[in-house]
Amino acid sequence: MIEIKNIKKVLTRTSSINTILLDDLNFQITENLITGIIAPQGSGKTTLLKIISGLEDPTSGEINNSENIIFIPGEPSSFPWLNVKENILFGLDNNVAESEFHDVVKLLGLEGYENHFPNNKSTGFRFRISLARSIIRTPKLICLDEPFDKLDQLTKYEIYNLILKVNHIRRITFLLATTNITEALYLSKKIYLMKKDPGKIIGSFDINFTKERNIEIIDEAEFISMRTKIENTIKENPSYSMINFSI
Amino acid sequence: MIKDKLRLIAVLIFVYIVLFEFILPINKLLPKPSLLAESIVDIWSDYNFLESLASTTTVIYLSLLISYVTIHFKSPYLIKLKFELPELLGSLKIFRYFPAFFFAIIFIYWFGDSFIAEIVFGIIVSTLLLSFEVINQVKMVNNNYLDVARNLGLNGIRLYSKVAYKNIQPFIFFKLQHIHYYLWVLIMIYEFVGRINGLGGVYYYALTYRDFTALFSFALIISILILLGDIILKYINEKIFFWE
C-alpha cells in the first residue's frame, strides 16, 4: 500500500503571495487496484500526481513506498523522434529481455508497429506507447493524469478496457486523476473526491459492481446509483462546478 | 501547382526575351538576352569565376557545416544554461541588434585578405545565429517530455541532449535554412568590401568595369546555387527532422 500522508503544497507567486494548492491530503492507494481521484479543474491534480511520482517536492508531508512510480501526463508524451521500440525501451539501455518486450508490445496492441514513429499518429496510439513504456519497467504504481480527454468515445472505451486488462494481467496499480465521474467509476475500485481552493480529500467510495466492467455497465442500475451518489456529494460542494458529469 | 509555376516562369522568360531582345535592346534596366547568354559563358574565363565560386561556396557551406556540428554537440549545455541561468543568456540577446555588417568590416580590418579569416567569420556568424535560435527555442520545449524523461530516470546533460535538444532540433535545422541565405549575402558583402577573392570580389570588379551584363550573369548563377542549397536543406529537414 502506498500512503499519502499530510501532503501540503504552497505556491509562491512572484508577488510573494502564497497560495495553498494542496492542504493536508491523506489517502491510501491499494496495491494491484485502480484508484481514482475525481477533482475539479485547477484543484492541483497534476501537482499531486507529480509529487507522488517524485517529480515535485511537497511543501510538507510524505509519501511512503514511493519508489518506481511512473507518471503519464495528459498530453501525448511518447517522443516523436523515436520509434515505438525506442520509446518503450527509452532509458533502459537494452536491459530488457526480448521476450518481455514482445509480451508488452502484444499486450498493448502494438505488435507490428515497433518501427513506426508516433509522429502524426492518433492520441490513442501514443497513449499505448506511453503505457507500454511504463509497464515494461514493472512499476509499483502508474499515475494517469487525465489521459483520455482528447480521445474520441470509441477509443476511450478501448483504452479503458486496455487499462483494466493491464491491471488484471500484470497486477499493476493505477492512480487515475480525472474530472470525469463515469470514467473514474468505470475503471476504479476506490474513488476519492477532492475539492479545490485548497485541494483536499472530502470523501471516498468503494466501487464493487456485481457485473463485469464493460460498455454495458454504464446503463446498469448499480452504476447509475453509484454515479448519482457521487454526484450528490459533489453538488454539496460548490467548488466542483468544473466536473464533467457526462462521459 | 508545379505546372502553374513553370508556366509562369515560361511566360516571364518569353516577355523578357521579346521586350529586351527586340523592343528595348539598349537600356539600363535588364541586359539583352543574347548578351546575357554570351556573358554566362565568358565570365568563367574573364573573371576567374570558377575559382571565386569555389572559394565562396567553400566558405559558406563549411561554415554552415561546422556551426551546425558545433551546435549539435554544444546545444545541450546551452539549454541547461538557459534553464538554470535564464537571465544570463537572455542578456546576450543584445548582440542580435549589432549589424553583422559591422563584424564583417572589423574582420577585414583585423585580418585583411585572408581566406581562413573569412571562414572563421562565417563560422562565428552562423554559430552565433544558431545559438540565439537554441536560446529562443528553449521556451518551446515540451515540459511533458522533460517530466516523463526525468520520471524515467534521465537527468543532467543527458536530459537536455536526449529530450530537450531533440524536441527543438527541427526548428534549429529550419533556422539553418534561413542562415543559409543570410550567409550567402553576408559573405558576398565581406568579399565585396574587402575585395577578397570570391563572388563578392568578382562583383566588385564587374561594377568597377561597369560590366552590366556580367552583374546579371553572376546573379543568375548565384541564385541557382542558393536555390539548390535551399532544396537540399529542405530535403534533409523533411527526411531527417520529420517530427516537427
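Residues numbered from 1 in each chain as written. Chains lettered and ligands numbered in written order. Predicted model: local features only at pLDDT ≥ 70, side-chain atom pairs only at ≥ 80, totals over all residues. Heavy atoms only, no water.

A. Inspection of the overall build of chain A at higher detail. Along its length, chain A carries seven helices and nine strands. Here the C-alpha radius of gyration of chain A, 18 Å, is about what a compact globule of 247 residues would show, namely 18 Å. Seen through its C-alpha atoms, chain A measures out along the principal axes to roughly 50 × 50 × 35 Å. Relative to its 247 residues, chain A shows a buried fraction of 53%. Of the roughly 10800 Å² of accessible surface on chain A, 46% is carried by carbon and sulfur atoms. Across chain A, 29 positive and 31 negative side-chain charges occur, with their mean positions spaced 2 Å apart. (Helix = DSSP H or I, 4+ residues; strand = E, 2+ residues; numbered from the N terminus. Rg over C-alpha atoms; globule rule 2.2 N^0.38 Å. Buried < 20%, exposed > 50% of the residue type's maximum accessible area, 1.4 Å probe, protein only. Areas by Shrake-Rupley, 256 points an atom, 1.4 Å probe, with all protein chains shown as cover. Lys, Arg positive; Asp, Glu negative; His and termini not counted. Charge placed at Lys NZ, Arg CZ, Asp CG, Glu CD.)

B. View of the nonpolar core. In this structure, A:Leu108, A:Leu131, A:Phe148, A:Ile163 and A:Ile230 are the most contacted members of the largest nonpolar core, which totals 115 residues. If you tally residues by element for this core, the top one is helix H8 (residues 156-194) of chain B, at 16 residues. With residues up to four places along the chain from it excluded, the contact list for A:Leu108 reads A:Arg128, A:Leu131, A:Ala132, A:Ile135, A:Leu162 and A:Val166. A:Leu21, A:Leu49, A:Ile51 and A:Leu141 belong to the second-largest nonpolar core, a separate cluster that totals 24 residues. (Core = buried A, V, L, I, M, F, W, Y, C linked by side-chain atoms within 4.5 Å. Contact = heavy atoms within 4.5 Å.)

C. Up close: unusual backbone geometry. A:Pro198 follows A:Asp197 through a cis peptide bond whose omega is -5°. Take A:Pro198: it is sitting in the loop between strand E8 (190-195) and strand E9 (200-206). With a phi angle near 50°, B:Arg195 is a residue other than glycine that sits in the positive phi range. For B:Arg195, a relative accessible area of 47% corresponds to the partly exposed category.

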